[in-house]
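# Structure assessment
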Amino acid sequence: MSELKKILWVDDDDTILDVFKLKLEKTGRFQVTTTTDGSRIVALAQEIKPDIIVTDIKMPFVDGADVANMLKKSDTAKNIPLLFLSSLVSKNEMDATGGFIGGRHMASKSASVEEIIAKIDSMLKIGK
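Residues numbered from 1 in each chain as written. Predicted model: local features only at pLDDT ≥ 70, side-chain atom pairs only at ≥ 80, totals over all residues. Heavy atoms only, no water.

### Comments concerning the overall build of the chain
Where we set the bar: Each helix corresponds to a stretch of at least 4 residues labelled H or I by DSSP, and each strand to a stretch of at least 2 residues labelled E; elements are numbered beginning at the N terminus. What makes two residues a contact is simply this: any of their non-hydrogen atoms within 4.5 Å. The Shrake-Rupley method, run with a 1.4 Å probe, gives the accessible areas here. Residue values count only the displayed protein chains as cover.
Along the chain, the regular secondary structure elements total 5 helices and 6 strands. Beginning at the N terminus, the succession of helices and strands in the chain can be written as β-α-β-α-β-α-β-α-β-β-α. Here the analysis covers contacts within the chain between residues at least 6 apart in sequence; of these, 62% occur between residues at least 24 apart. Summing over all exposed atoms, the chain offers an accessible surface of approximately 7,200 Å²; the carbon and sulfur share of this is 52%.

Put into structure tokens, the structure is as follows:
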């Protein structure tokens, strides 16, 4: 059995965190660590050493752009793939842009868990 891929997931909505953690871990392929505190992203990334970070875009206090900027400034976390997740864009908009907005990987919160897993797999170059 291959090693579990580590995901660090940041969102201000505990329900979103709980649902995705449960569904991704149920696949037996992922270990998901969640936080609602984007300001801790660099410290958590250094501690957990995730294979990918998923962050909501629109959050109070520290939003997704802030998270991306903090990671970019960190020598230990700047190369970790980052997936933005947002309810601000529809699945159709994501499909039309090929899953990128502003040159960044994105997924809609309205996408199915399977579609989000496929996006994560693609970013990690696994799954085929």
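### Quick look at unusual backbone geometry
Which entries qualify depends on this criterion: We call a residue buried when its accessible area falls under 20% of the maximum for its residue type, exposed when it is over 50%, and partly exposed in between, using a 1.4 Å probe and counting protein chains only.
With a phi close to 55 degrees, K49 is a non-glycine residue in the positive phi region. Residue K49 is classed as exposed on the basis of its relative accessible area, which comes to 59%.

### Quick notes on the pattern of salt bridges
Charged atoms that come close allow side chains of opposite charge to pair. Put simply, the test is: Any Lys or Arg side-chain nitrogen located within 4 Å of an Asp or Glu carboxyl oxygen qualifies as a salt bridge.
Counted according to the given criterion, the structure contains 5 salt bridges. Ionic pairing is found between K21 and E25, a salt bridge with its closest N-O pair at 3.0 Å. Of this pair, K21 and E25 both sit in helix α1 (residues 14-26), 4 residues apart, which is roughly one turn of that helix. A salt bridge links R29 to D121; the nearest nitrogen and oxygen atoms lie 2.5 Å apart. Placement of the pair is R29 in the loop between α1 and β2 (30-35) and D121 in helix α5 (residues 113-124), with a sequence separation of 92 residues.

### Overview of a negative patch on the surface
Cut-off, in case you're wondering: A residue counts toward a patch only above 30% relative accessible area and without a salt bridge, and it is joined to like-charged neighbours within 9 Å or, for Val, Leu, Ile, Met, Phe, Trp and Tyr, to nonpolar neighbours within 5 Å. His is not counted here, nor are the chain ends, while Lys and Arg score as positive and Asp and Glu score as negative. Each charge is placed at NZ for Lys, CZ for Arg, CG for Asp and CD for Glu.
On the surface, a cluster of negative charge is made up of D12, D13, D14 and D18. Locating D18 in the fold gives a position in helix α1. Since its relative accessible area comes to 52%, D18 is described here as exposed.

### Digging into the side chain of T35
Our working definition: Each polar contact in these results corresponds to two N or O atoms within 3.5 Å; when the atoms are within protein, one needs to be able to donate a hydrogen and the other to accept it, and residues that are neighboring in sequence are counted only if both atoms are side-chain atoms.
Here T35 lies in strand β2. A polar atom in the side chain of T35 sits 3.0 Å from the backbone nitrogen of D37. For T35, the contacting residues outside a window of four places in its chain are W9, V10, D11, L17 and L44.

### Comments concerning helix α3 (residues 64-72)
The condition is simple: Here, the arc refers to the directions that run from the helix axis to the C-beta atoms.
Turning to α3, its buried residues number three or more, namely G64, V67, A68 and L71. Projected onto a plane normal to the axis of α3, the buried residues spread over an arc of 100 degrees and lie on a single side. In the core, the buried residues of α3 are packed alongside α2 (41-48), β3 (52-56), β4 (82-86) and β6 (104-108).

### Focus: the nonpolar core
Defined as follows: To form a nonpolar core, buried Ala, Val, Leu, Ile, Met, Phe, Trp, Tyr and Cys residues must be joined to one another through side-chain atoms within 4.5 Å.
Formed by 20 residues in total, the largest nonpolar core has its most connected members in I7, W9, F20, L24, I116 and I120. Within the residue set of this core, elements represented by two or more residues are β1 (5-10), α1, β2, β3, β4 and α5. Core analysis: the second largest hydrophobic core is formed by 18 residues, A68, L71, L82 and M106 among them.

### Side note on the packing of α1 against α5
Put simply, the rule is: Between the N-to-C directions of two axes lies an angle of 0 to 180 degrees, each axis being a line fitted to C-alpha atoms and, for a helix, fitted only over the stretch in contact. Oblique is the label for any angle not under 35 degrees, not over 145, and not in the 65 to 115 range, which are roughly parallel, roughly antiparallel and roughly perpendicular in turn. For a crossing to be left-handed, the near helix must be turned anticlockwise from the far one by less than a right angle; the clockwise case is right-handed. Residue type decides the class: Asp, Glu, Lys and Arg count as charged, Ala, Val, Leu, Ile, Met, Phe, Trp, Tyr, Cys and Pro as nonpolar, and the leftover types, Gly among them, as polar.
Across the interface, α1 lies against α5 with an axial gap of 11 Å and an inter-helix angle of 70 degrees. One element, α1, and the other, α5, form an angle in the roughly perpendicular class. You can see that α1 and α5 cross each other, and the crossing is right-handed. Across the interface between the two elements, F20, K23 and L24 from α1 touch V113, I116, I117 and I120 from α5. In terms of residue class, the contact of α1 with α5 is built from 6 nonpolar, no polar and 1 charged.

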